[in-house]
Structures are given as C-alpha cells and as structure tokens.
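A look at the structure
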Amino acid sequence: MTVSKFVCFCLVLICFNAFNQSVLRFVPCLGSQAIELGKEYTIAEGRISFQSIKFYVSDFRTLTENGKLIKHWPTTLVNLEDSSSQSIGEIDSAAVRIDFLLGTDSLSNVSGILEGALDPINGMYWAWNSGYINVKSEGLYRDSTGKEFPFEFHLGGYLAPNATVRFLSFDVNPQRGIPQLVILMDDWLTYAFEKGIYSLMIPGKISAELATKVQASIQLTYRHE
Amino acid sequence: MNRLIFLLFVLISGLLSAYRFDLPIFKSKISIPKKWPKPTYDLSEKAISEEGFQLGRSLFYDPMLSRDSTISCATCHLQYTGFTHVDHNVSHGIDGRKGTRNAPALINLAWKKFFHWDGGVNHIEAQGINPLTHPAEMDNTLAEVIRRLTLNDDYRKQFQRVYGADEITTAKLMNALSQFTRSLISSNSKYDQVLRKEKGVTFTEQEQSGLVIFRQHCVSCHQEPLFTTHQFKSNGLQSDPIFKDLGRFAITGKVVDSFLFMIPTLRNIEFTFPYMHDGRFRKLKEVISYYSDKIDPANSHLSRELNGPIHLSDKQQKDLLAFLYTLTDKQFLYNPRFSFPKK
C-alpha cells in the first residue's frame, strides 16, 4: 500500500467512525429550552433562574440488540458549570439500548472517601450523614406576584426505603440523530413548588419521592446537526 | 449462584478500585490485643504504614487545617484526657463558636462501624471531613485545605512517601488522618493487666466488688473488652432544652430512633469528663447516681436494658467508681507516639 492510499484509508476510517458514533449529552431543560445558569426562564406562571445543576450518572452502559455490552463508563458528575461534563461519550452505531443509574450506587456511599468524580471536594457529599448528594439544583423562583423563593434541592440518601438512586433504560437508535438525554426540570420542580417545598437537604421520604420525579422527567431525544 | 456472586464481587471491587489509590507497603507497629473482637478496619501493615501514621499524626496536630489556622483536631481531642475535650460540656471551635455535643473520646475507633453520637458517619475516613468543614469547628473547605497542603513542601514530601505521588487529594488526606486515629488503641489499663494475669497486678477488694456490680448492671451496654456495644440507646435523659437534640432520629428519620445516642466506651472514663452526649454531668459519681436512682421509668424512649431499677447503695456506688478507675490506661494517655510531633 502506498502512503497516499494509506492516508486515504485512514481518512475513510475516521469519517466512517464519525458517522457511526455520536456524543451523547445530558441536557437540563425548561420546556424546549436548554438551561443556562444565571439566565431567567418562565415556569408555572413565575420566573426561575438556576445557580447550580449537578448530578451523578453511574454505570452508564451501551448494549447491542442481543444484550451484549458495548461500553461501560465510570461514574461521572454532570455539572452545568462545565459544559464538557454534560457529554457522556460516543454512542456506537451498534447500540440499541442504553442504561444507567441516576446517582451513585450504595457501595460508593459506604466505601469511605473516593477519588475522581466521587471526591467530596466536588461538593456532592454529605459529611454529617455520610453519603452522596445524587442530584443538586439551586436557584431562585419568583412567583406571579413577584415574591421570591430561593430554592435548594440536595437529593441524596442511599438507605432503603428512601434510597434516591434511580435506574433508567432507553431504546436508542443513533441512525435517527445524535441522542441526548433531556431532563425536564420544570416537571419535578413544579411538583415540589406546588407542595411548598423549596429546600430539601436531608435524605428521607420526600427526597426519594423527588428522585422518582426526576427519573420520570428524563427523556431520550435526538438532535440533528 | 456462588460463582455469580463472586464474579459480581470481583466486578464491583474492580470498579471501586478505579476510585482508590494503592498504598505502598511499610511495616506497621500495631498489634490487636489478644481475645479482642476483629476490628472493623484493617490494622495490618498493608493498611497502616509508619509513614502514613506519622503523616496522619502531623495533620491531626496541625492548626493549618482550620480556616484561620487556630484550631487543630487536637484542640478538642486532647491525648491526656482520652482524646476528648476535657472540662467542656460542648466544645468551642473557631471564633469561640460552640457545638451542640460533647466531643467524643477517640479510643479504639478501629472497632467502630459508625461515628458521632448519632452514628451519622459510616466510615472512619469520612469522619474527618466533619470537623474540617463544620462552621463551629474548623470552618474550612476541602479545596482550601488541599491547596494549603499542596503549597507546603514538607507535606508534599510526606504524601509522596506514603502514597507514591505528591498529588494531595481528599481521599489521601482522610486516609492519612485515619491511619493515625485507627492506631489509637487503649488496652493496657489495670483491668487489662488483671485479666491478662500479669504478675503482681490484682484488683483491690473494692475494685473487685465494683467489677461484680458492673457485670450485673452495666455490661449489657458497656460490653467488655471495648466497654461498648456501639449500639444506639436511650438512657432516659430528658432532652436538653437548649440543644433539643433528637439523636439518631436526625439521621434515620425514624421515630423509634428518637433520643438514641451511641453508647460510648468507658475506657479512660476517669479523664473524659464531662459525661453524656451533651456533657451535662461533670463528675463520674453523678453519672453513677443517675443510673442508680434518677432514671425516669415512665420515659417512653428508655431502652429496655434500663427498664429495671438499679438502686445501688452508697458503698456499691463507690465500689463501681473504683472499678471504673481501673479502666484508666496511662500508657495510652501519655504515649509519646500519640502526642504532638516535635520536629
């Protein structure tokens, strides 16, 4: 093979891979708008802005049609302050299913101090009641009368019956576009606000309930570039 | 099925190892006292190195870890008093701010599964984050502590020696601290020496009588040889009107856990005053007097171990006190290996 043929071969290979793999992102949204921290949005006849949105994604896996594992990703912390953290990785064209845990598994919560994404320095660890905050959302909600409600949701807790880690699984078809996992923040925040809950910093029944709401608010969609 | 469980274990261990570091192997000086139960935490030389112990010791005594560099772990955990804050019902940390609970003694921690009076901390390495970041204790942030340590050449060298790399992380910091705190073993009191039948060491008649009383009335919660079961119990104390401390309930949210606190060890109890989770009793004889005659049997939270009346005579109370004094381990309290590291 001549050098020029080899270069051509490599280019074809790269293009082939580019068309056959797409980077999956987590996108927290309000309605159809991707959320930007600090920007104000309309929600439930009020206005809302976010200071922080962070959550853990564990055991993210892609699977073939016959259930064979294609790829497994280590625990990652999605943090809206760092848009690169929203990208999980490339989804192979052979993948027909993805599944993952929203949050951290129970073993991570009882194994002392871990490193990387699970380092408590990331502000997602409760010292007083050992364990990870699986989902964090902070900001300001202003109702239709203009009254302000700062909100802080730290959803965590690994012990039954109020564990907050949630399993999600989606059929995926990379031929339809670039898959993305949209979190409809208004779905679960409106639910909390309607109950008069604006701050939650402890594990328990309400945390577990809201974790289920967050789980239900996640949808797989496709984008086209 | 067993094979499946084994494979699952290997997989999970493998995944977790990605988030941990490997410890270089050095010689350890720790030996587990004979006839003691197996510790919760590894005390072998694989887990505790001499260099790791010394690094943990330096960190334990270093006020640089607090926001304004005035408070170290040792501020509230003094060696000579069983690593507790003697004469303080609750400790004061940075800027004189007060906590809400009596600083627990740091004795035989390697046998504990949970930490703090309410058991909210589930791992010895996770415990250290609390005093470092609590606004009434050292009021610092992990990022700032790591930054300061990283700027310190001596610490960087020590971390390099212990962990094979000078990058300082939260996990390494907490592991180093726990190498020191795991090593705080007290097992050489007069009580231990008598049980080991050491030559020339015997209980006095009064101490022996106290031991009998102890085994009759106290041992169900303060089980030998650790003198605690580490369970959560209510001894019937009324909630402090200022702190309104609900104990274990704050962690589990279960009503049945209301006013339960972890049973403390009685080792070195002579020096760990004041007593109880809020330090309400200044003298040990007040504690004995409370258990003897002042428990309210109508208290609905009272643990079943205290359901029956104890009622000790004055002589019995003095005998029990004499026995409790035999739990003092001066070798532990004055061991230079655990004291401020002089350079």
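Residues numbered from 1 in each chain as written. Chains lettered and ligands numbered in written order. Predicted model: local features only at pLDDT ≥ 70, side-chain atom pairs only at ≥ 80, totals over all residues. Heavy atoms only, no water.

All names here are of chain B. Among the residues making up helix α7 (residues 153–163), those that are buried are Y155, Q158, F159, V162 and Y163. All buried residues of α7 fall inside an arc of 105 degrees around its axis, so they share one side. Tucked inside the fold, the buried residues of α7 contact α2 (50–60), α6 (142–151) and α8 (170–181). For α7, the capping residue at the N-terminal end is N152, with a side-chain oxygen 3.0 Å from the backbone nitrogen of D154. Count one or two residues on from α7 and you reach G164, which has phi positive near 80 degrees. (Buried < 20%, exposed > 50% of the residue type's maximum accessible area, 1.4 Å probe, protein only. Helix = DSSP H or I, 4+ residues; strand = E, 2+ residues; numbered from the N terminus. Arc of directions from axis to C-beta. Contact = heavy atoms within 4.5 Å. Polar contact = N/O pair within 3.5 Å; in protein donor to acceptor, adjacent residues only side chain to side chain.)

Before going further, it helps to spend a moment on the interface of chain A and chain B. Many descriptions give the size of an interface as the accessible area lost when the pieces come together. Opposite the 23 residues of chain A that make contact, chain B presents 24 residues. Across the interface of chain A and chain B, roughly 2000 Å² is buried in total on both sides, 59% from carbon and sulfur atoms. Where chain A touches chain B, the interface holds 8 residue pairs in polar contact (both at pLDDT 80 or more). Its residues assigned to classes, the side of chain A that touches chain B shows 12 nonpolar, 8 polar and 3 charged. (Buried area = accessible area lost by both parts, 1.4 Å probe. Nonpolar A, V, L, I, M, F, W, Y, C, P; charged D, E, K, R; others polar.)

Once that is clear, we can look at the side chain of H85 of chain B. As for its placement among the helices and strands, H85 of chain B is situated in the loop between α3 (73–76) and α4 (124–127). Look past the residues within four positions of H85 of chain B in its chain and what remains in contact with it is T75, C76, L78, S91, H92, A103, F273 and P274 of chain B.

Time to look at the environment of E90 of chain A. Within the element layout of this structure, E90 of chain A appears in strand β7 (residues 87–92). Residue E90 of chain A is classed as partly exposed on the basis of its relative accessible area, which comes to 41%.

Residues and elements named next belong to chain B. Domain parsing of chain B yields domain 1 (25–185) and domain 2 (190–330). Each of domain 1 and domain 2 has a C-alpha centre, and the two are 26 Å apart. Taken together, the 28 residues of domain 1 in the interface contact 25 residues of domain 2. At the boundary of domain 1 with domain 2, total buried surface from both sides reaches about 2200 Å², with 63% on carbon and sulfur atoms. Its largest share of buried area at the contact with domain 2, domain 1 owes to I107, W117 and D118, together 27% of the area lost on that side. In this assembly, domain 1 and domain 2 are joined by 1 salt bridge. (Domains from an automatic or database assignment. Salt bridge = Lys/Arg side-chain N within 4 Å of Asp/Glu carboxyl O.)

A word on the packing of aromatic side chains. Applying the stated criterion to the full structure yields 43 aromatic pairs over all chains. Seen from their ring centres, F100 of chain A and F170 of chain A are 6.5 Å apart, and the 25 degrees between their planes marks the pair as stacked. Of this pair, F100 of chain A sits in strand β8 (residues 97–102) while F170 of chain A sits in strand β12 (residues 166–171), and the two are 70 residues apart along the sequence. Accessibility classification places F100 of chain A together with F170 of chain A in one group, the buried group. Ring geometry for F83 of chain B against F180 of chain B: centres 6.5 Å apart, planes inclined by 80 degrees, an arrangement best described as edge-to-face. Taken as a pair, F83 of chain B in the loop between α3 and α4 and F180 of chain B in helix α8 lie far apart in primary sequence, 97 residues in all. Grouping residues by exposure puts F83 of chain B and F180 of chain B together as buried. Clustering of aromatic rings is evident, with ring pairs tying together F50, Y141, F149, F151, F153, W188, F193 and Y198 of chain A. Positioned above the aromatic ring of Y191 of chain A, the side-chain terminus of K213 of chain A is 4.3 Å from the ring centre. (Phe/Tyr/Trp six-rings, centres within 6.5 Å; stacked < 30°, edge-to-face > 60°. Lys NZ or Arg CZ within 6 Å of the ring centre and 35° of its normal.)

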